[in-house]
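Overview (structure and organization)
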Amino acid sequence: AQRVTQPEKLLSVFKGAPVELKCNYSYSGSPELFWYVQYSRQRLQLLLRHISRESIKGFTADLNKGETSFHLKKPFAQEEDSAMYYCALWGSGTSYGKLTFGQGTILTVHP
Amino acid sequence: SQTIHQWPATLVQPVGSPLSLECTVEGTSNPNLYWYRQAAGRGLQLLFYSVGIGQISSEVPQNLSASRPQDRQFILSSKKLLLSDSGFYLCAWSFEAGTEAFFGQGTRLTVV
């Protein structure tokens, strides 16, 4: 079964500090992983996807198949990064089209 | 360009009443469609998804059902609402599996 786990419901850091939001997955195939973000009073939106290996708003995420992790990192957090972050996993085969999200992490960046 | 419409934005319904939430996608054909419930502490819970007309997968046994009467329309229903059905419901779509999903504005349902 595919599963996404975000162990931290809440994460607080100060502006300028590094931040890491943890995501672990359980999946038998080759995972397609994404990070989504929801800012206050805005729709849930894509932040980045593992296959593109890009940096968006200073955030990066590396897929570690050995540890089955896809942690989201930013070296210097900004107040505007405060939001809810979700890690998401696409299914394939018999679960084709299934998009599973983790429990989410609320990030608060203090001034 | 593609857009997703979800309505109503808020809804207050008495226990035992029926429910119908609608979601429509414009500007594309044969999208994958999704219903989620967002609850504090439980994250984004997948309720139903559909990769085509006539194909609906249910993820969580519950008091709800979904239908796809048209290619770009996804409806979440209940015959009799329970208090536990209260929550924030999100509709989403994607071109295909493995691509970006786009979300609606959500419906805040309160069952009283």
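Everything here concerns the structure above.
In this report, we go over the structure that sits alongside the text. From a predicted model like this one, the values you see are computed outputs, not experimental measurements. (Residues numbered from 1 in each chain as written. Chains lettered and ligands numbered in written order. Predicted model: local features only at pLDDT ≥ 70, side-chain atom pairs only at ≥ 80, totals over all residues. Heavy atoms only, no water.)

This part covers the interface of chain A and chain B. The interface is formed by 20 residues belonging to chain A together with 23 residues belonging to chain B. Across the chain A to chain B interface the summed buried area is about 1,800 Å²; carbon plus sulfur atoms make up 55%. Three residues, Arg43(A), Trp90(A) and Tyr96(A), lead the burial of chain A against chain B; their summed loss comes to 30% of the area buried on that side. Linking chain A with chain B are two salt bridges. Across the contact surface, chain A and chain B share eight residue pairs in polar contact (both at pLDDT 80 or more). When residues of the side of chain A that touches chain B are traced back to their parent elements, those giving at least two are strand E5 (32-38), strand E6 (45-49), strand E9 (83-90) and strand E10 (99-101) of chain A. Here the side of chain A that touches chain B takes four residues from E5(A), the largest share from any one element. (Contact = heavy atoms within 4.5 Å. Buried area = accessible area lost by both parts, 1.4 Å probe. Salt bridge = Lys/Arg side-chain N within 4 Å of Asp/Glu carboxyl O. Polar contact = N/O pair within 3.5 Å; in protein donor to acceptor, adjacent residues only side chain to side chain. Helix = DSSP H or I, 4+ residues; strand = E, 2+ residues; numbered from the N terminus.)

All chains considered together, the criterion is met by 14 aromatic pairs over all chains. With a centroid separation of 5.6 Å and 50° between ring planes, the pair formed by Phe59(A) and Tyr85(A) is classed as tilted. Of this pair, Phe59(A) sits in the loop between E6 and strand E7 (60-61) while Tyr85(A) is found in strand E9, placing the two residues 26 residues apart along the sequence. Of the two residues examined, Phe59(A) and Tyr85(A), each falls in the buried class. Ring geometry for Phe101(A) versus Phe103(B): centroids 5.8 Å apart, planes at 75°, classification edge-to-face. Of the two residues, Phe101(A) sits in strand E10 while Phe103(B) sits in strand E10 (residues 101-103), which places them in two different chains. (Phe/Tyr/Trp six-rings, centres within 6.5 Å; stacked < 30°, edge-to-face > 60°. Buried < 20%, exposed > 50% of the residue type's maximum accessible area, 1.4 Å probe, protein only.)

Turning next to the sheet that holds strand E1 (residues 3-7) of chain B. Residue and element names in this part refer to chain B. Taken together, the four strands give an open sheet; going across it, the order is E1-E3-E8-E7, and neighbouring strands pair in antiparallel fashion. In the strand order of this sheet, the two ends are held by E1 and strand E7 (65-70), each with one partner. Averaged over all pairs of adjacent strands, the angle between their axes in this sheet comes to 20°, without regard to strand direction. Sheet topology places E1 next to strand E3 (residues 19-26); five bridges connect them, and they run antiparallel. The residue of E3 that forms the bridge with Trp7 is Glu22. (Pairing = 2+ DSSP bridges. Axes fitted to C-alpha atoms, helices over the stretch in contact; angles between N-to-C directions.)

Looking now at the pattern of salt bridges. The tally for this structure, following the rule as stated, stands at six salt bridges over all chains. With its nearest N and O atoms 3.8 Å apart, the salt bridge here joins Arg49(A) to Glu100(B). Taken together, the residues Arg49(A) in strand E6 and Glu100(B) in the loop between strand E9 (87-94) and E10 connect one chain to another. With a relative accessible area of 25%, Arg49(A) lands in the partly exposed category. For Asp71(B), the salt bridge identified is with Arg68(B), shortest N-O distance 3.3 Å. Owing to a relative accessible area of 22%, Asp71(B) belongs among the partly exposed residues under this scheme. You can call Arg68(B) buried: its relative accessible area is 6%. Residues joined by salt bridges that share partners form a network here, namely Glu20(A), Lys22(A) and Lys73(A).

Structural measurements only, silent on function.
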